[in-house]
Amino acid sequence: MAASLVAVLALAATALGATIVLSLLPYRAPSTDSVLTSRIHRTLDPVSSRNEPLEFSNCGRVWVTVHSPEIKEAGHPTLVDALEVNWDFAGCSSVPQNIGIFQSRPTSWSEAVWYHSISEPEGFILTDLSLGAETLPGGWLSGPGTRGPHCLWPWVGAGDDQIQAYNCLKIQPTWMEDNAEKISSLRIGELAIPGAHNAGAWRFNTEISNLARDSFVLCQDRSIWAQLVHGIRYLDFRIGYYDFYQNEDDRYWLNHNLVRVRPIVPLLREIRIFLDTTKEVVFLDAHHFPMGFYDQKGSPLQHAHAGFLDIVKRELGPHLAFASDFATPAGTRGPTVQSLLDADKRLVFSYVDNSIVNQNNWLWPVLPHLWANTNSPTQLFQYLDQAITAHPQPNARSPLYSAMAQTTPTILDIVFLRGSLRENADAVNRNVTARLATRWRQHANIVSTDFFLGDDVIDLSIALSVERGSRL
Ligand SMILES: *[C@@H]1O[C@H](CO)[C@@H](O)[C@H](O)[C@H]1NC(C)=O
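Counting starts from 1 at the beginning of each chain's written sequence and moves along it residue by residue. Local features in this predicted model are restricted to residues of pLDDT 70 or higher, and side-chain atom pairs are both shown and tallied only at a pLDDT of 80 or more, whereas totals for entire chains, interfaces and linings draw on every residue. Calculation of side-chain values draws on the structure's entire complement of heavy atoms; hydrogens and water are dropped beforehand.

Draft legend 1. Focus on the side chain of Glu315. In this description a helix means any DSSP run of H or I spanning at least four residues, a strand means any run of E spanning at least two, and both kinds are numbered starting from the N terminus. Structurally, Glu315 is set in helix H8 (residues 302–316). Three labels apply to residues, based on accessible area from a 1.4 Å probe with only protein chains included: buried if under 20% of the type maximum, exposed if over 50%, partly exposed otherwise in between. Classification of Glu315 by relative accessible area gives buried; the value is 9%. The definition of a polar contact used here is a pair of N or O atoms within 3.5 Å, where within protein one atom must be able to donate a hydrogen and the other to accept one, and adjacent residues in sequence count solely through side-chain atom pairs. Polar side-chain contacts of Glu315 include one of 2.8 Å to the side chain of Arg314. The contact criterion used is simple: two residues touch if any of their non-hydrogen atoms lie within 4.5 Å. Dropping the residues within four chain positions of it, Glu315 is found in contact with Val265, Leu268, Arg269 and Arg272.

See the structure below:
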């Protein structure tokens, strides 16, 4: 008990540290901080959130996203984390005339802090409001909070004179438990799972850098804890080994290719606290070992792999679902969620090297990544449309597969500083949301994106998992 309290406090310190540095003043603040705080507390009230849904519409949907690139306009401070309102009323008998942003559940237009008229059946508008300081509602900022979804401050409403559809930007910290009755009979390969590409690359923490934003290395901007609290359940890790550190723990880093981003042990501890304090299933994928794990001929360096596996067992051991206990034959979709819950083994750890998997029967085999390896959004979607349709493959060893829904810059893009990962994410994330709701709806398993606040993959994946579970 004492030990876990210390761990929770340590996590609180990390999360708060991150919050303070990441907090950037809203550009055109919708209200004073105190009003904002009191509104947030109102939405946290467990009684009101139990009685009324956080999302409502009779036909179509509205949702809030966060614009991933910053916006620079002459004469204005740089605007970061600008809110976007999105709507899709395709197929409905009429399209609402207005859309707006509110600080609590929308009831009348007089409460809107921003609004705009619309005429197209689907689309989005970038607003000049910032999400503001990073926070996690419901008591989840520094440790486990209240079960169920909770709203961050921005709500979106659409309608004519009356509000007909609304939604908020949410966290979904316990979505698997909240929907357990509907999804637990699904096999893990039948779930729709929201994933974070390069999940550990969210802020530098090295001897020389604590940068939170850069052009070509960082793929996320929320901590691992915050990603899990938001609802991400698949974490794609890229790991480097640096033997010049004395201490074994200090040798293992989260990398993006050859760039060291942050030490890995603290990230495993954030996952541990999440598993200790929820009933969620987490999929962790050691997917790339760009540094220090292989010799020049490409043979695995056994001590580097063994040291890493020891650390994973030490930090996450009690939660590991051993592949030897739960695996199902090739070409099948793996264990049911219920069987993992019954055994209380809720961490599925896959490893990108099957020679190491063969020596360690607890590891899950290579989890295929559907990776287009292109910097063109058009080619990305052409590739994913066919690849997702062709999966799951009949003889697949892994029950899972991940659609890597991001473009990859070329060396020349990086050398000539053409664009950035934030701009690349902005160019595809809305289309990823639209694709998951339509063409990928039946087949998609894990969908991994960069800067996931710019898409709606979390809420959509939950809805799809529930939909699939209801069909069983
Ligand atoms: C993304 O969606 C928009 C709106 O539907 C469309 O105009 C655009 O062509 C799509 N981009 C890609 C790369 O598919």
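Draft legend 2. How the structure looks around the site of the ligand. Around the ligand sit Pro377, Thr378, Phe381 and Asn431, and those are all the residues in its vicinity. Within the side chain of Asn431, a nitrogen or oxygen atom sits 2.4 Å from an oxygen atom of the ligand. When isolated, the ligand has an accessible area of 360 Å², and the protein chains bury 35% of it. By residue number, the principal contributor to the shell around the ligand is helix H12 (residues 377–389), which donates three residues. Gly is put with the polar residues, along with every residue not named as nonpolar or charged; the nonpolar set is Ala, Val, Leu, Ile, Met, Phe, Trp, Tyr, Cys and Pro, and the charged set is Asp, Glu, Lys and Arg. Looking at the shell around the ligand, its residues break down into two nonpolar, two polar and no charged. Being near a molecule or strand, for a residue, comes down to having at least one heavy atom within 4 Å of it. Throughout, the Shrake-Rupley method with a 1.4 Å probe supplies accessible areas, and for residues the shown protein chains are the sole cover considered.

Draft legend 3. Region of the structure containing the environment of Ala444. Along the chain, Ala444 turns up in the loop between helix H14 (421–437) and strand S17 (446–449). Taking the relative accessible area as the measure of exposure, Ala444 reaches 1% and is therefore buried. Considered as a pair, Ala444 and Gly189 are 255 residues apart in the sequence and their alpha carbons are 9.3 Å apart.

Draft legend 4. Layout of the side chain of Asp456. Following the sequence through the fold, Asp456 ends up in the loop between S17 and helix H15 (457–471). Not counting the four nearest positions on each side in its chain, Asp456 is found in contact with Arg61, Trp63 and Thr433.

Draft legend 5. Molecular detail of the sheet that holds strand S5 (residues 114–117). In this analysis, strands are considered paired if DSSP registers two or more bridges between them. A sheet is described by the order of its strands in space; here five strands give the open sequence S1-S8-S7-S4-S5, paired in antiparallel fashion. Edge positions in the sheet fall to strand S1 (56–57) and S5, since each of these pairs with one other strand and no more. The sheet contact formed by strand S7 (residues 150–159) and strand S8 (residues 163–171) spans seven bridges and is antiparallel. The residue bridging Ala158 from the neighbouring strand is Ala165, located in S8.

So, to be careful, I would describe these as geometric facts and stop short of saying anything about function.
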